[in-house]
Structure formats: structure tokens, C-alpha cells
Amino acid sequence: MMLHQRLLFILCSFCGIVIKEAATKNKVKGSQAQFPITQNVTVVEGSTANMTCRVDYNDNTSLQWSNPAQQTLFFGNKKALRDNRIELVQASWKELTISINDVTLSDEGQYTCSLFTMPVKTSKAYLTVLGVPAKPEITGLSRPAAEGEDVTLTCTTSGSKPAADIRWFRNDREVQGQKEVNATGRSFTVRSSVHLKVDRKDDGAAYTCVVDHIALGSMPYQVTEVLEVHYAPQVEIVHSVIVPQEGQYFKLECVSKGNPLPEPVLWTKDGGELPDVERMIVEGRDLIITTLNKTDNGTYRCEASNHLGTNSDEFILYVYAKDFPGTTTDPNALAQHGPDHALIGGVVAVVVFITLCFIIVLGRYLARHKGTYLTNEAKGAEDAPDADTAIINAEGNHAHAEEKKEYYQGAARNVVHLKSENLGFANNYALRQEYVRCIM
């Protein structure tokens, strides 16, 4: 009997333990199964947002979605809010998925999924809506700008959320702008400005505004404005021939830059009209002289004007003779012969200078010796029967006749050693006769 009682007690204890463990497991399992799971969602304005709520285990308890205003959207598969944009995607005991089409910024907020157990369990999911920025617009340049004018270009985009970023480019180079952000309801309006004092270098420059935003991904918006700057003309005359010669074809080109482009240009010669319209032809900006001659020498002037001013350039034309030495139409030939001409000119100048100095010294020498001879001849002319005796008796005294004879004999000996060309310096006939008599 005692044995049966002990066996019965052990059996009851074991059953109690088994029942207790099973109850504990069912309690834990039910706790895990009755908790909803959701995720936050981010979408671009105008697209579709899918809101999903799941449970791992469910004992046929209904799921419900509510909007940020706590309005019920769907209870199970039953639609509760009359909004054609909201549709049912999936409804079961384990999942409730709904979609919101054509999402607006006002749809943003915290949505609630509820599991109607006792007590009710909930999970939150935040819907983020990105506001797409509007295409940008550049303002501030409604007309062509004049050189030196202050210009402000402003790029504006609205409707972005979060605020968009704006960058500026001048052609391919980024330039700094001043940014301004203003809130407009749930979105933002962004402006960026660049300030510049325009000059002729800005004419034709492309200023581009680029709008970057997360909603645009890798395809940012951009808009470009090309500047038009008006400026006064700039003129330069270009000639076709380096050394113009008689009979040649000759062209002067008036290269004029300006905005608006000066048209036409005015050609004048020496301050007046072109003198020979048959040979001097104006074609557009070019002045053509069909056949050059000496009468074409002068100063040619090209003048260009627009509403911002007038500018001009001048060219002095000198026409060379056709066979003028050293003239050539080849610039390389001019460059090669230039140093030779300079060298020849220098040598000629030195030779002329030396020749003049030699002539002056020789003239003074001859003038001095001729005067001495005439003086001596005059002194002895009265007593001498001939010119030779007059020179010997130049002092009027015969005492020195032997000394003078020795002097002339020595001179005669020296004559033998004179070259024929130097003998010409003894140009007095009487002196030459004396040389011959002494030698004899």
C-alpha cells in the first residue's frame, strides 16, 4: 500500500513539472509572437511609399495602420480612410502592407502599426518625404551690359527639402557665390548670387548655375546664361607687303574689334579722302591699292565707331623704286641681308673719314712748301740769270753757294732711291732741273 502511494506521488509531481514547463514556454512564445515590427521609409515627393507591418506569430489578432493624425487607414483588409492615394498591398494574420501614391510633403510624419492584443501592442515607422527642387532660374541680366557696368546674377530654386545646394561656374571654372536660404512652409527657397564688373573679356562668357540635391541623385539641375558685353572698338592696321615697291599689289587690312561690331570702317589718306578711287578700292574693312606708285606715299588712317566710342590706327606708306637695291618682299631675306648693309655702311664711313683727313694734311703740306719756294725765288731772282741760280742765290749771298751745291747733290742722290710715284711731289720744273744738273 505504501508502495502504491509513493508511486502515485512521484507521478503527480512529474506531471506538475511538465505542465508548469509547458505553460512557461507557451507564455514566452505568445509574448514573442504578439509584437509588431516596422521600418522607417524615405521617398521622393511624387513617388509611392510602401508601409509594412509584420508579426512572427499571430493568434488571429488583427493589424491596423494609422497616419500621423492618428486616423485609421486600414484595419486588416478593411479600408477606413477615404483617400484614393492609399491602397492595400498585402493583408494577412502576419503582415499588413499599404501604399501611399503620389506622396506629398504633408504626408511626412510618424505612422503607427497596432496589434490588437490585450493589451494592444504598437510599432512606429517614420515616413520622410524629400522635396524636389524646382529647376533653377538666373535673373539680373535682362539686356546687354556695357563695359565697366556692375552686374549681379542671381540663381533661384524653390521647393527643396532639405535645402538644396547651389554652385556657380564661369565657363569651366567654379566661382564663389553668396547663398541665401528661406523656409517656405515645409520646403525651402534657395538663392545664390555672383557680383561682377564686366569688361570686354566677359563678352561671350557662360555663367552656369548648378543645383545639387539628394532627391536629384547624380543628375543635378543646371542653367546657363551667356553674357553679352558692349564695348568700344579696338583697331589695328595689318599690311600685306613688308617692303612695298612700285607696280606691286598692296593691301591694308583694318582689324577692328568691338561690340556691336563697327560696320563699316572709314579709310582716309593724309587727313582727307582717298585720292584715286580707281586704284584704291575699299572692300569691307580692307583697302586695296592695285598698282603702287610714288604718289601713294602718305599716312593712311582707318577709323571704326559704334555707340560706345571711336578708335583708329594709322599706317605710313613709303613706296620704293622697283629696282631699289636691297628691296625684297621676303622677310627672311631682309633679316639675312640686314647685318651686311650695316657692316658695309660702317666701312664706307671709315674710308671716307680717313681720305678726308689725308687730303687735308697733304694740302697743308703742299701749301707750306710752295710758299717757301716762291719766297726764295723772289729773293734771288734779281741777280740770277735763271731759276736754278735764283734758288742757289736765294739769300743774295754767293758765300754759301758751295754749301747749297752739296745740299742739292745729296738731295739728288736721294732721288735715285725715290719711287716713281713719289717723284711727282717735286713738281717744280726748276727744282727737277737742278736735280739733273747735280747728278751730271
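All figures in this text were calculated on a predicted structure; none of them were measured in a lab.

Remarks on the overall build of the chain
Helix and strand counts for the chain stand at five helices and 25 strands. Within the chain, the proportion of its 440 residues that are buried is 32%. Taking the intrachain contacts of the chain between residues at least 6 apart in sequence as the baseline, contacts between residues at least 24 apart amount to 59%. Approximately 27,900 Å² of the chain is accessible, and the part contributed by carbon and sulfur atoms is 55%.

Side note on the side chain of Asp296
The topology assignment puts Asp296 in the loop between strand E23 (286–289) and strand E24 (298–306). Residue classification places Asp296 among the buried residues on the basis of a relative accessible area of 1%. Not counting chain neighbours up to four residues away, the residues in contact with Asp296 comprise Lys269, Arg279, Met280, Ile289, Thr291, Leu317 and Val319.

Considerations on the confidence of the model for the chain
Chain-level pLDDT for the chain is 79 on average; 71% of the residues reach the 70-or-more range. A low-confidence stretch, residues 394–401 stays under pLDDT 50, and its non-local contacts, those more than four residues away or across chains, total seven contacts.

Concerning the pairing of strand E3 (residues 63–66)
On E3, burial covers both faces: Leu63 and Trp65 on one face and Gln64 and Ser66 on the other are all buried. Across four bridges, the pairing between E3 and strand E8 (residues 109–115) is antiparallel. Paired with Trp65 across the bridge in E8 is Cys113. Two successive antiparallel strands, E3 and strand E4 (residues 72–75), enclose a turn made up of five residues, where Gln70 displays a positive phi of approximately 65 degrees.

Here we look at the nonpolar core
The biggest cluster of nonpolar side chains holds 22 residues, and the ones touching the most others in it are Val43, Met51, Leu63, Trp65, Ile98, Tyr111 and Leu127. For this core, the elements supplying multiple residues, two or more each, are strand E1 (41–44), strand E2 (49–54), E3, E4, strand E7 (95–100), E8 and strand E9 (121–130).

A word on the sheet that holds E24
If you walk across this open sheet you meet the three strands as E21-E24-E25, and the pairing is antiparallel. Each end of this open sheet is capped by a strand with a single partner; those strands are strand E21 (266–269) and strand E25 (309–317). Strand-to-strand, the axes of this sheet are offset by a mean angle of 20 degrees, without reference to chain direction. Relative to E24, E21 is paired through four bridges, and the arrangement is antiparallel.

Looking at the sheet that holds strand E6 (residues 86–91)
Reading across the sheet, the three strands line up as E2-E7-E6 and stay open at both edges, with antiparallel pairing between neighbours. Where the open sheet ends on each side, the last strands, each with one partner, are E2 and E6. Between one strand and the next, the sheet's axes are offset by a mean angle of 20 degrees, whatever the strand orientation. Judged from the five bridges that link them, E6 and E7 form a sheet pairing that is antiparallel. Of the residues in E7, the one forming a bridge with Gln90 is Thr97.

Some words on the packing of aromatic side chains
Counted according to the given criterion, the structure contains three aromatic pairs. Considering the side-chain rings of Phe75 and Phe116, the 5.3 Å spacing of their centres and the 65 degrees angle between planes classify their relative orientation as edge-to-face. Placement of Phe75 in strand E4 and of Phe116 in the loop between E8 and E9 is noted, with a sequence separation of 41 residues between them.

Overview of a nonpolar patch on the surface
Together, Ile344, Val348, Val352 and Leu356 line one region of the surface with nonpolar side chains, adding up to about 360 Å² of accessible area. In this fold, Ile344 is placed in helix H2 (residues 331–380). Judged by its relative accessible area of 52%, Ile344 falls in the exposed class.

Looking at the state of the cysteines
If you walk through the whole model with that rule in mind, you get three disulfides. Through a disulfide, Cys53 is tied to Cys113; the S-S separation comes to 1.8 Å. The S-S bond linking Cys53 to Cys113 shows a torsion near -80 degrees; that makes this disulfide left-handed. Taken together, the positions of Cys53 in strand E2 and Cys113 in strand E8 put the pair 60 residues apart, joining distant regions of the chain. With respect to burial, Cys53 and Cys113 carry one shared label: buried. In this model Cys155 forms its disulfide with Cys209; the gap between the sulfur atoms is 1.8 Å. Taking the torsion about the S-S bond as the criterion, the Cys155 to Cys209 disulfide, at about -70 degrees, is left-handed. Note that Cys155 is positioned in strand E12 (residues 150–160) and Cys209 in strand E17 (residues 206–212), a separation of 54 residues in sequence.

Description of the pairing of strand E13 (residues 165–170)
With six bridges joining them, E13 and E17 adopt antiparallel strand pairing. Within E17, the position partnered with Arg167 by the bridge is Val210. The turn joining E13 and strand E14 (residues 173–175), which pair antiparallel and follow one another in sequence, is formed by two residues; a positive phi near 55 degrees is taken by Asn171.

Description of the pattern of salt bridges
Under the counting rule described, the total for this entry stands at 16 salt bridges. Notably, a salt bridge pairs Arg85 with Asp107, separated by 2.8 Å at the nearest N-O pair. With Arg85 in the loop between strand E5 (78–79) and E6 and Asp107 in the loop between E7 and E8, this pair connects stretches of sequence that are 22 residues apart. Salt-bridge contacts for Lys161 lead to Glu108; the nearest nitrogen and oxygen are separated by 2.6 Å. Of this pair, Lys161 sits in the loop between E12 and E13 while Glu108 sits in the loop between E7 and E8, and the two are 53 residues apart along the sequence. In terms of burial, Lys161 and Glu108 fall into one category: buried. Salt bridges sharing partners connect three or more residues here, namely Asp83, Arg85 and Asp107.

What counts and what doesn't
- Residues numbered from 1 in each chain as written.
- Predicted model: local features only at pLDDT ≥ 70, side-chain atom pairs only at ≥ 80, totals over all residues.
- Heavy atoms only, no water.
- Helix = DSSP H or I, 4+ residues; strand = E, 2+ residues; numbered from the N terminus.
- Buried < 20%, exposed > 50% of the residue type's maximum accessible area, 1.4 Å probe, protein only.
- Contact = heavy atoms within 4.5 Å.
- Areas by Shrake-Rupley, 256 points an atom, 1.4 Å probe, with all protein chains shown as cover.
- pLDDT = per-residue confidence, 0-100.
- Pairing = 2+ DSSP bridges.
- Core = buried A, V, L, I, M, F, W, Y, C linked by side-chain atoms within 4.5 Å.
- Axes fitted to C-alpha atoms, helices over the stretch in contact; angles between N-to-C directions.
- Phe/Tyr/Trp six-rings, centres within 6.5 Å; stacked < 30°, edge-to-face > 60°.
- Patch = residues over 30% accessible without salt bridge, like charges linked within 9 Å, V, L, I, M, F, W, Y side chains within 5 Å.
- Salt bridge = Lys/Arg side-chain N within 4 Å of Asp/Glu carboxyl O.
- Disulfide = S-S within 2.5 Å.

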